[in-house]
Amino acid sequence: MNCRSEVLEVSVEGRQVDEAMLAVLHTILLQRSTGKFHYKKEGTYSIGTVGTQDVDCDFIDFTFVRVSSDELDRVIRKAVAEFKDALGNSGSDGMGQISLEFYQKKKSRWPFSDECIPWEVWSIKVNVVNLANEQERQICREKVGEKLGEKVINIVEVINRHDYLPKMPTQSEVDNVFDTSLKDVQPYLYKITYQITDSLGTSVSTTMRRLIKDTLAL
């Protein structure tokens, strides 16, 4: 199986890190979640509905849609908060990467543990910019909102391609494909990881600074 890999890049002000990452991760998980499976007998099941909820950002001119699951939201917020704290404590000029990996389990014979096989990985490269004044912050607020809108469209376009998805499992195998631990939604198995680095490059932050300067010049 070939693992599909997608890379997104964003440049944000420090106070925008949480909302930008939540917007991207929630957008992806909204597309990679189903309602809960209700099995009647082996091979026969119904799928519950997935509720949605609009979220208005405080520091970005942007509204995103997430799965209406407080449990899932708490998990994602915890991962994003850890990433933001690591960025702030790194001393690496605010550059890092957070990744959302979808995988399926392959049962192994005892005494070996199950094998986790990734089938799709989203990597979001983040660069934190330092702004000089409130005027620049207001411009950044607008520009980041525009860029996030473009990212969301890109995510939906990629996910709507007819690429690999794990086949719908039987009742005995559902835990090999989906996270069934949540009571109100069933995302594909996933994990969120991050790394802090000083080698992501400066192209994104340079572009953001140029956008701000060009807007100030108008």
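Residues numbered from 1 in each chain as written. Predicted model: local features only at pLDDT ≥ 70, side-chain atom pairs only at ≥ 80, totals over all residues. Heavy atoms only, no water.

The name an unreviewed UniProt entry gives the protein chain is Autophagy-related protein 101, with Carassius auratus as the organism. What the UniProt record of the protein chain gives under Subcellular location (unreviewed entry) is the line "Preautophagosomal structure". As recorded by UniProt, the Sequence similarities (unreviewed entry) comment attached to the protein chain reads in full: "Belongs to the ATG101 family." (UniProt positions renumbered as here; feature names shortened; annotations may be inferred.)

Asks: Would you take a moment to explain the packing of aromatic side chains for this structure?
Replies: One pair of aromatic rings is described through two measures. These are the centre distance and the angle between the planes. If you walk through the whole model with that rule in mind, you get nine aromatic pairs. Seen from their ring centres, Phe37 and Phe178 are 5.1 Å apart, and the 55° between their planes marks the pair as tilted. Of this pair, Phe37 sits in strand 3 (residues 37-41) while Phe178 is found in the loop between helix 3 (134-159) and strand 9 (186-187), placing the two residues 141 residues apart along the sequence. With a relative accessible area of 9%, Phe37 lands in the buried category. Measuring from ring centre to ring centre gives 5.2 Å for Trp119 and Tyr188, while their planes differ by 75°; the resulting arrangement is edge-to-face. Linking Trp119 in strand 8 (residues 115-129) with Tyr188 in the loop between strand 9 and strand 10 (190-196), this pair joins segments that are 69 residues apart in sequence. On the basis of relative accessibility, which here comes to 0%, the residue Trp119 falls in the buried class. Feature note: the residues Phe37, Tyr39, Tyr45, Phe102, Trp119, Tyr164, Phe178 and Tyr188 constitute an aromatic cluster, connected by ring pairs. (Phe/Tyr/Trp six-rings, centres within 6.5 Å; stacked < 30°, edge-to-face > 60°. Helix = DSSP H or I, 4+ residues; strand = E, 2+ residues; numbered from the N terminus. Buried < 20%, exposed > 50% of the residue type's maximum accessible area, 1.4 Å probe, protein only.)

Asks: Would you take a moment to explain the packing of helix 1 (residues 17-31) against helix 2 (residues 70-90) for this structure?
Replies: Working note: a packed helix pair is described by the angle between its axes plus the distance between those axes. Running from amino to carboxyl end, helix 1 crosses helix 2 at an angle of 140°, the nearest separation of the two axes being 10 Å. By the criterion of interaxial angle, the relationship of helix 1 to helix 2 is oblique. Considering the relative orientation of helix 1 and helix 2, their crossing is right-handed. Contacts between helix 1 and helix 2 involve Val17, Asp18, Met21, Leu22, Leu25, His26 and Leu29 from the first element and Leu72, Asp73, Ile76, Arg77, Val80, Phe83, Lys84 and Leu87 from the second. The class makeup of the residues in the contact of helix 1 with helix 2 is ten nonpolar, one polar and four charged. (Axes fitted to C-alpha atoms, helices over the stretch in contact; angles between N-to-C directions. Parallel < 35°, antiparallel > 145°, perpendicular 65-115°, else oblique. Left-handed = near helix turned anticlockwise from the far one by under 90°. Contact = heavy atoms within 4.5 Å. Nonpolar A, V, L, I, M, F, W, Y, C, P; charged D, E, K, R; others polar.)

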